[in-house]
Amino acid sequence: MFDALAAISSRGRALHSLNLPTHEYKLTAELDFVLVLDELVLVVEVKGAQVSCSNGLWTYSDRSGHFRQDREGPFRQVTSGMYALRDRLRQRIGAEVDGVAFGFLVVTPDVDLALSSFEWDAETYCGRGQFQREFTKVVNRATAYWRARQPEKALIDKHLQSKLLQELRPSFDRSPLLDARASTLDSAFVRLTDEQFSRLDLISEAPRVICNGGAGTGKTFLAIEAARRQGLAGRSVLFTCRSPILASFAASLLTGTGVAVRPLSGIPAHQVFDVVVIDEAQDLMNFDSLDRMEGALSGGWSDGRWVMFMDQNRQAHLYGDFDLDALQFVQSFSPVPATLRTNCRNTREIVFQTRALTGADTGVSAAGSGPEVTFAQVSDAESEAAALEAHLRSLRQQEVSVGHVTIVSLRGNWDTSAARRLRQARKGKLRLLDKDSATSWPGDVLTWASAVDIKGLENRFVCVIDIDTLESETDVDLLYVALSRPRAGLWVAVTPAIGARVAELYKTHAAAALEALNKVGA
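Residues numbered from 1 in each chain as written. Predicted model: local features only at pLDDT ≥ 70, side-chain atom pairs only at ≥ 80, totals over all residues. Heavy atoms only, no water.

Some details on the overall build of the protein chain
Working step 1: Secondary structure summary: the protein chain contains 17 helices and 22 strands in total.
Working step 2: Burial analysis of the protein chain (522 residues in total) assigns 52% to the buried set.
Working step 3: Pairs at least 24 apart in sequence give 70% of the contacts found in the protein chain among residues at least 6 apart.
Working step 4: For the protein chain, the exposed surface amounts to about 24,200 Å²; the carbon and sulfur share of it is 49%. (Helix = DSSP H or I, 4+ residues; strand = E, 2+ residues; numbered from the N terminus. Buried < 20%, exposed > 50% of the residue type's maximum accessible area, 1.4 Å probe, protein only. Contact = heavy atoms within 4.5 Å. Areas by Shrake-Rupley, 256 points an atom, 1.4 Å probe, with all protein chains shown as cover.)

Written out as structure tokens, the structure reads:
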């Protein structure tokens, strides 16, 4: 039928499987094809395979041999459908429809019924022979037949034809609310990638592993899963990191597994573990930290079982005590290297902007596109707070839960942060990230965090504020952390001076970021 309709000479549009939500004696009905032609609206009923009628009982079969019976018959069926269509269009469009001619055609492309019958005229029926030889003539004949029966009806001009088509099968483009889009992205992010599965297999087999990956490649998620699996294997496991906040978050996810979760400062002095899993290992890459961890590891660095997850992109120097000699010392024990390249956190837009502004490789986004990254122009703390307030209001209008939003401050000082001016802060409805809030992260209230403290954590939507300068490498490192925290939406407040510096950074790194993006698209 599609091929036959495409080949006819009549001018118009054909709609397939048009649903009728109202019908004289059916709850709903469906029209096989509706042709909106220059001359009329023609409803086409198609009955494929075998068709028979005995004592008023019609029997239809499909090509799989399944049979269906009814007493309505195709001609009565298409007649009632035509009138239901006309009535609904009159309700929707109005009196204009009264000037439109309507007709019907029954097609049995696999069999021939009687050419005409007491119940139908030859012009309203097309059997197998006509369908294969002269379908254009069939449509033209049906058109002439129905036009002759409705001589007072006018032709359908382009304006009315467009109106009919828009009503019958409207074209529309509606964007889902941000929260719905974020939920869809979350379902894609949460699944382990093939790359992560292979790394887990590697960690279970190799005694010593250093796993490198940019922000968003799932290092913390993988570190927690690796610790859990080592515990299930019957080994005593220590999960450690530098940040007490990140340790609290990991502990909440490892509850009941038997894994001991401690920040570096809380590692037990006289307890030894079969396995040590270290997250954000670049923060602990100095000899004092290594000595403390080695004391808790059975067999030490040389003979013990350990795995480090680290990001040497732009997170190695945030604390100021990263020691390359310490890294070379650890590497001297021949750990198996592993790399994470699939970004399991950020959308393509966030991955591109993070790389375009910092030059860091944050991997290939695994979940596709999301909202555009927004840069808001502000002039001072007051206008920054006002712009942030407006953005938060916009997120609420998009049904984004306040718990899915985190404000990240590059300055990292709550007392001087623009966020202190927010209405939520004045009403006590904004919570600062600390060890307690990390145990139920992200929670159900709006949160604020410094770029340093939020390392290893994430949220659906992030607002980056308090950018005083981007001149030093540490400044850009902090920007890298902040930009890579959101899973779905990123909003950044910039003053004219910061905006100019952002433009300089973009000019430096955008070409490489665009090239990486195009490779992914290809």
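Here the narrative resumes.
Describing the environment of G218
Working step 1: Residue placement: G218 occurs in the loop between β9 (208-213) and α7 (219-232).
Working step 2: Through-space distance from the C-alpha of G218 to that of F309 is 9.8 Å; in sequence the pair is 91 residues apart.

Topic: the sheet that holds strand β14 (residues 336-340)
Working step 1: Taken together, 6 strands build an open sheet; the order of strands is β11-β10-β12-β13-β9-β14 and the sheet is parallel. Each edge of the open sheet carries a strand with a single partner, namely β11 (260-263) and β14. Direction aside, the axes of adjacent strands within the sheet are offset by 15° on average.
Working step 2: As paired elements, β9 and strand β13 (residues 305-310) share 5 bridges and run parallel to each other. If you follow C211 over to β13, its bridge partner there is F309.
Working step 3: Across the sheet, helix α8 (residues 244-253) touches β10 (237-241) and β11, and the angle it forms with β11 is around 165°. (Pairing = 2+ DSSP bridges. Axes fitted to C-alpha atoms, helices over the stretch in contact; angles between N-to-C directions.)

Brief notes about helix α12 (residues 348-358)
Working step 1: Summarising burial for α12: 9 of the 11 residues are buried, a large majority.
Working step 2: Where α12 is concerned, the buried positions are E349, I350, V351, F352, Q353, T354, A356, L357 and T358.
Working step 3: Looking one or two residues beyond α12, the residue adopting positive phi is G359, at roughly 80°.

Digging into the sheet that holds strand β17 (residues 374-377)
Working step 1: Taken together, 6 strands build an open sheet; the order of strands is β17-β22-β21-β18-β20-β19 and the sheet is parallel. Two strands close off the open sheet at either side, each with one partner strand: β17 and β19 (430-432). Neighbour-to-neighbour, the strand axes of the sheet open up by a mean angle of 25°, direction not taken into account.
Working step 2: Sheet topology places strand β18 (residues 405-409) next to strand β21 (residues 459-465); 5 bridges connect them, and they run parallel. Its bridge partner lying in β21, V405 is registered against F461.
Working step 3: In the packing of α12 onto the sheet, the strands contacted are β17 and β22 (486-494), and the crossing angle to β22 comes to about 45°.
Working step 4: Strands in contact with helix α16 (residues 473-483) are β18, β21 and β22; relative to β22, the strand with the most contacts, it is inclined by about 135°.

A word on the layout of surface pockets
Working step 1: In this structure, the second largest pocket occupies an estimated 250 Å³ of space.
Working step 2: For the second largest pocket, the lining is made up of 14 residues, of which M82, Y83, R86, F102 and Q150 are closest to its centre.
Working step 3: Of all the secondary structure elements, the ones that give two or more residues to the lining of the second largest pocket are α2 (73-93), β7 (102-107) and α3 (128-149).
Working step 4: The residue inventory of the lining of the second largest pocket, partitioned by class, reads 7 nonpolar, 2 polar and 5 charged. (1 Å grid on protein atoms, 1.4 Å probe; cavity = no way out; pocket = protein on both sides within 12 Å on 5 of 7 lines; lining within 4 Å. Points joined across faces, edges and corners; volume = space filled by probe spheres on them. Nonpolar A, V, L, I, M, F, W, Y, C, P; charged D, E, K, R; others polar.)

Quick look at the nonpolar core
Working step 1: Counting residues in each nonpolar core, the largest one holds 58 residues, and the members touching the most others are F239, V277, F309 and V464.
Working step 2: Looking at which element gives the most residues to this core, the answer is α16, with 6 residues.
Working step 3: Apart from the residues within four sequence positions on either side, F239 is in contact with A223, I224, A227, A250, L254, V259, A260, V261, R262, V277 and D279.
Working step 4: If you look at the next biggest cluster of nonpolar residues, it comprises 51 residues, including L5, F33, A101 and V139. (Core = buried A, V, L, I, M, F, W, Y, C linked by side-chain atoms within 4.5 Å.)

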